[in-house]
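Overview (structure and organization)
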Amino acid sequence: VIDAARKATVKDRGQIIAEPYGRALRAHLARPDEITLQEAQDIGRRASATGLSVSEMTAIHCRTLLPIVDGCPRDERPTMLAESERFLAETIAPFEMSYRGVRDANVSLGRLNAMLEDQAKQIAYVLHDEVTQILATSHLRLAEMAKRLPPPGQSEIGAVRGLLDQIEERVRGLARDLRPTILDDLGLVPALRFLAENASKRWGLSVSVAAFLDRRLPAILETVLYRVTQEALTNVGRHAGASQAQVWVMEKDGVVLCSVRDDGVGFDAAAVAGSGLRGLGLAGIEERVAQLDGTVHIAADRGRGTEIVVEIPVEPRHVDTRTAGR
Amino acid sequence: MTHAISVPVQTPTDIVTARQHGRALASMAGFSSTEATIIAAAISEVARNIVEYATSGEVAIGLTDDGLRTGVHVVARDQGPGMPDLPARTPRLVALAPGLDEFGMGLHGARALMDEFDLDSNPGRGTTVTMTKWLQ
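Quick caveat: nothing in here was measured; it's all calculated off a predicted structure.

Rules used in this analysis
Residues numbered from 1 in each chain as written. Chains lettered and ligands numbered in written order. Predicted model: local features only at pLDDT ≥ 70, side-chain atom pairs only at ≥ 80, totals over all residues. Heavy atoms only, no water. Helix = DSSP H or I, 4+ residues; strand = E, 2+ residues; numbered from the N terminus. Contact = heavy atoms within 4.5 Å. 1 Å grid on protein atoms, 1.4 Å probe; cavity = no way out; pocket = protein on both sides within 12 Å on 5 of 7 lines; lining within 4 Å. Points joined across faces, edges and corners; volume = space filled by probe spheres on them. Nonpolar A, V, L, I, M, F, W, Y, C, P; charged D, E, K, R; others polar. Core = buried A, V, L, I, M, F, W, Y, C linked by side-chain atoms within 4.5 Å. Buried < 20%, exposed > 50% of the residue type's maximum accessible area, 1.4 Å probe, protein only. Buried area = accessible area lost by both parts, 1.4 Å probe. Salt bridge = Lys/Arg side-chain N within 4 Å of Asp/Glu carboxyl O. Polar contact = N/O pair within 3.5 Å; in protein donor to acceptor, adjacent residues only side chain to side chain. Pairing = 2+ DSSP bridges. Axes fitted to C-alpha atoms, helices over the stretch in contact; angles between N-to-C directions. Expected span 1.5 Å × (residues − 1). Parallel < 35°, antiparallel > 145°, perpendicular 65-115°, else oblique.

**Section: the overall build of chain A**
When helices and strands are counted, chain A shows 12 helices and 5 strands. Partitioning the intrachain contacts of chain A with sequence separation of at least 6 by distance along the chain shows that 70% fall at a separation of at least 24.

**Comments concerning empty space enclosed by the protein**
Residue and element names in this part refer to chain B. With the rule as written, the count across this model stands at 2 cavities of 30 Å³ or more. A volume near 40 Å³ is recorded for the second largest cavity. When residues of the lining of the second largest cavity are traced back to their parent elements, those giving at least two are α2 (33-53), β3 (70-78) and β5 (127-134). Here the residues of the lining of the second largest cavity are counted per class, giving 5 nonpolar, 2 polar and 2 charged.

**With respect to the nonpolar core**
Judged by nonpolar contacts, the single largest core of 38 residues is most densely connected at L188 and L225 of chain A. Per-element accounting of this core gives the leading share, 9 residues, to helix α9 (residues 219-240) of chain A. Among residues more than four places away in sequence, those in contact with L225 of chain A are L188, L192, L217, V249, V256, C258, V310 and I312 of chain A. One finds F31, I39, F117 and M131 of chain B within the second-largest nonpolar core, a separate group that totals 34 residues.

**What to know about the interface of chain B and chain A**
With 26 residues of chain B at the interface, the matching set in chain A holds 23 residues. Summed over both partners, the interface of chain B with chain A comes to about 2,300 Å²; 54% of that surface belongs to carbon and sulfur atoms. For the interface between chain B and chain A, the tally reads 6 salt bridges. The partner of R23 of chain B in a salt bridge is E34 of chain A, and the shortest N-O contact between them spans 2.9 Å. In this structure, the connection of chain B to chain A is made through 13 residue pairs in polar contact (both at pLDDT 80 or more). Broken down by secondary-structure element, the contributors of at least two residues to the side of chain B that touches chain A are α1 (12-29), α2, α3 (92-95) and α4 (102-113) of chain B. Grouping the constituent residues of the side of chain B that touches chain A by class yields 11 nonpolar, 5 polar and 10 charged.

**Here's the deal with the sheet that holds strand β3 (residues 255-262) of chain A**
Residues and elements named next belong to chain A. In space, the 5 strands of this open sheet follow the order β1-β2-β3-β5-β4, with mixed pairing throughout. Strands with a single pairing partner mark the edges of an open sheet, and in this sheet they are β1 (206-212) and β4 (295-300). For this sheet, the mean angle separating the axes of adjacent strands, direction not counted, is 10 degrees. Along the sheet, α9 contacts β1, β2 (244-252), β3 and β5 (306-313); its crossing angle with β3, the most-contacted strand, is approximately 15 degrees. Packing of helix α11 (residues 283-291) onto the sheet brings it into contact with β4 and β5, and relative to β5 it is tilted by some 20 degrees.

**Focus on the pattern of salt bridges**
Throughout the structure, instances matching the rule amount to 22 salt bridges over all chains. One salt bridge in this structure joins R45 of chain A and E45 of chain B, with 2.3 Å as the shortest N-O distance. Residue R45 of chain A is located in helix α3 (residues 34-49), and its partner E45 of chain B is located in helix α2; the two belong to separate chains. Assigned by exposure class, R45 of chain A and E45 of chain B land together as buried. One salt bridge connects R227 of chain A with E117 of chain A, and the closest N-O pair in it is separated by 2.9 Å. Taken together, the positions of R227 of chain A in helix α9 and E117 of chain A in helix α5 (residues 77-147) put the pair 110 residues apart, joining distant regions of the chain. You'll find R227 of chain A and E117 of chain A in the same group, each marked buried. Several salt bridges converge on common partners, so that one network encompasses E34 and E90 of chain A together with R19 and R23 of chain B.

**Regarding helix α6 (residues 151-178) of chain A**
The end-to-end C-alpha separation of α6 of chain A is 41 Å, in line with the 40 Å expected for 28 residues at 1.5 Å each. As for α6 of chain A, its buried residues are in contact with α5 of chain A.

**Quick look at the side chain of Q38 of chain A**
Inspection of the secondary structure assignment puts Q38 of chain A in helix α3. A polar side-chain atom of Q38 of chain A sits 2.8 Å from a polar atom in the side chain of S44 of chain B.

**Points about the packing of α3 of chain A against α2 of chain B**
Contact geometry for α3 of chain A and α2 of chain B: axes closest at 11 Å, N-to-C directions at 80 degrees. It follows from the interaxial angle that α3 of chain A and α2 of chain B lie roughly perpendicular. Where α3 of chain A abuts α2 of chain B, its residues Q38, Q41, D42 and R45 of chain A lie against A40, A41, S44, E45 and R48 of chain B. Split into classes, the residues belonging to the contact of α3 of chain A with α2 of chain B amount to 2 nonpolar, 3 polar and 4 charged.

So this is what it looks like as structure tokens:
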């Protein structure tokens, strides 16, 4: 039944549920007890499994209830309505399970993200501070060694030191990409400027950064804005064919807005919106922003550049109250 | 913790009895009608799990407190086949993966509805679900 219903259209799905729902609700109102309430939960579970939404379910409830109200004596209506409300609550309970499940998953995802950032920070530290230290020592030792060698040996050592330089450069670049210490040490704005410089080195973009912030933002928010800008500039550099980009960030009325705009080729926003923005590297941005209850807007037009704006509340609305209370 | 009642669970009728006691106890403890419904729904899920997968077991429902709050405490126990792969140990993200069977859905649903949820299960030694909903 569930498989058939999944394939059916919303209208059909509604009808599959509406009929048993009507029967069960009438049975409940005729003789309310725990059995009829259990029946309500079973119907809700089926409805939820077939992909019906809460609003569709509520609409079915209202449509079922209307004729019942009409046929109910006026003085019995309050009791009848209270009972039908109880019945609806039972029907909604399975939807509540999925909803809370998703919310819990979102919280887990947030923790996972924080954990990954933390690990990236540790790895970056080891690479940046410890590995480069060992490389520097190797350099010195080789230089000492070279002094004691005849000229052919010296040039050999020189070649090895050249390779060490390359390793060091790679390692530093990797450490920066993993976690810029600049973000932790100096904050978001210098970190965004650093991203802008990188973009100009890598892709020849000219990137300006404007910030309207009076204070440091919460660490998690700074990290998300940094990563979003990093991802957006990478998109610009790789795909937009742009020569210029602007990054701006501002805090206003408890909300942070961050925009990355370019003068590149743009794309057909309507076409991409249908595909959920996947395939453009924007999925990561959406997920990070959704973590903090924020939204992503994309304004793009073929030939007129692209602007991506994220909007994130400084204090996220949904905190995991259950763990927070413990 | 005081277990006001223990309901033997074997048939669908027992599921109804278990949820009825849960609802009554929750209302008595001061939970709103909506919250009592949520608790009844969670009890329903763990009891259904017993009927469908273990054939028999029991659901004990009582009140508890942690010094600050009152809560409804539920222990569902069976001597069924048990599970090698515990939903409680799988990440919540996996739990939401498409194709999740009814079994997983039920216990994950109960976990989502309650404040605390613990699952102990071993193949051959049955399953025990312990869960609590606190009065906020």
